[in-house]
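Fold and contact review
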Amino acid sequence: MNKVFVEENGVYQIDCTKAIWATDAVHEIYRANKVGLKDIDFIIEQEDNILMLEYKNAAIGRAVEHGSNFDPNAEKIINNIPEKYFDTLHYLNLLGKTKRRHYVWVLEYPHGSSVTRKMLRNKIMKQLPFQLQTSLSDKVKLIESFDVLSIAEWNEKYTQYPINKVETTEE
């Protein structure tokens with residue numbers, strides 16, 4: 001099984017060869033089964049954790065060339081990120097993957113900074129089940145953490161799963 005996944009634009013890849021298990025196939029499985037659920041881009045299983053990774057790069061040449069007006073603060077985006085998390089829980093539960101879940105949105109966009117990513121994280125966290133799980137149980141958790149990171153921040157924090165540009169061989 002290939003554990004190096006290329007993102008949808010074909011510009012960056014994530015190397016998950018050190019993962020116990022990893023996939024980028026949730027979208028295809030949901031589409032093939034016509035379930036109409038949203039999905040995150042990558043799931044990485046570690047010894048004690050599951051990393052659920054949503055990836056968006058609106059700063060690459062192709063996005064900028066097409067005049068991408070990507071606004072990560074748009075209500076549709078802010079609502080979409082939690083929906084993807086909740087809908088992907090079905091996939092994990094059906095596979096019996098019940099380890100602690102950490103959700104990360106790797107986000108690159110023009111004029112993005114650590115400050116703007118932290119502001120986004122704080123907005124989106126309000127829609128994730130942190131408060132719910134605290135009020136219902138001190139033992140069961142649906143989510144351990146959520147973060148919004150740049151590619152560089154991801155690579156610094158999760159060195160074993162680097163995101164790098166796809167190497168092209170030119171003849």
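Every value quoted in this text rests on a predicted model; they were computed, and no experiment measured them.

Here we look at the pattern of salt bridges
This structure, assessed with the given rule, holds nine salt bridges. Between glutamate 83 and lysine 38 there is a salt bridge, with the nearest N and O atoms lying 2.4 Å from each other. Here glutamate 83 is found in helix H3 (residues 75-94), whereas its partner lysine 38 is found in the loop between helix H1 (26-32) and strand E4 (42-45), with 45 residues between them in sequence. For glutamate 83, a relative accessible area of 34% puts it in the partly exposed group. Arginine 121 serves as the salt-bridge partner of aspartate 147, at 4.0 Å between the closest nitrogen and oxygen. You can see aspartate 147 sitting in strand E7 (residues 145-149) and its partner arginine 121 sitting in helix H4 (residues 114-125), a full 26 residues away along the chain. Judged by its relative accessible area of 16%, aspartate 147 falls in the buried class. For arginine 121, a relative accessible area of 22% gives the class partly exposed.

Comments concerning the side chain of arginine 117
If you trace the backbone, arginine 117 turns up in helix H4. Residue classification places arginine 117 among the buried positions, given a relative accessible area of 7%. Setting aside residues up to four positions removed in sequence, arginine 117 forms contacts with Leu107, Gly112, Val148, Leu149, Ser150 and Glu153.

A closer look at the sheet that holds E4
Read from one edge of the open sheet, five strands run E3-E4-E5-E6-E7, paired in mixed fashion. This sheet does not close on itself; its edge strands, each paired only once, are strand E3 (21-23) and E7. Each adjacent strand pair in this sheet contributes to an overall mean axis angle of 15°, direction not counted. The pairing of E4 with strand E5 (residues 49-57) spans four bridges and is antiparallel. Residue pairing for E5: phenylalanine 42 is matched across the bridge by leucine 53. With respect to the sheet, H3 is in contact with E3, E4, E5, strand E6 (100-108) and E7, its orientation differing from that of E6 by roughly 140°. Sheet strands in contact with H4 are E6 and E7, and its direction is about 150° off that of E7.

Remarks on the packing of aromatic side chains
Counted under the stated rule, the structure contains seven aromatic pairs. Considering the side-chain rings of tyrosine 30 and tyrosine 91, the 6.4 Å spacing of their centres and the 75° angle between planes classify their relative orientation as edge-to-face. Note that tyrosine 30 is positioned in helix H1 and tyrosine 91 in helix H3, a separation of 61 residues in sequence. Between the aromatic rings of tryptophan 154 and tyrosine 158, the centroid separation amounts to 4.3 Å while the plane-to-plane angle is 35°, which identifies the pairing as tilted. The pair tryptophan 154 / tyrosine 158 is uniform in exposure class, with both members buried. Joined through ring pairs, the aromatic side chains of Tyr85, Phe86, Tyr103 and Phe146 make up one cluster. Taking NZ or CZ as reference, lysine 97 lies 4.4 Å from the ring centre of tryptophan 21, over its face.

What to know about the pairing of E6
Buried residues dominate E6, accounting for seven of its nine residues. Relative to E6, E5 runs parallel, the two sharing nine bridges. What sits directly across from asparagine 57, in E6, is glutamate 108. Pairing of E6 with E7 involves five bridges; the strand directions are parallel. Its bridge partner lying in E7, valine 104 is registered against aspartate 147.

About the cut-offs
Residues numbered from 1 in each chain as written. Predicted model: local features only at pLDDT ≥ 70, side-chain atom pairs only at ≥ 80, totals over all residues. Heavy atoms only, no water. Salt bridge = Lys/Arg side-chain N within 4 Å of Asp/Glu carboxyl O. Helix = DSSP H or I, 4+ residues; strand = E, 2+ residues; numbered from the N terminus. Buried < 20%, exposed > 50% of the residue type's maximum accessible area, 1.4 Å probe, protein only. Contact = heavy atoms within 4.5 Å. Pairing = 2+ DSSP bridges. Axes fitted to C-alpha atoms, helices over the stretch in contact; angles between N-to-C directions. Phe/Tyr/Trp six-rings, centres within 6.5 Å; stacked < 30°, edge-to-face > 60°. Lys NZ or Arg CZ within 6 Å of the ring centre and 35° of its normal.

In short, geometric facts, not functional conclusions.
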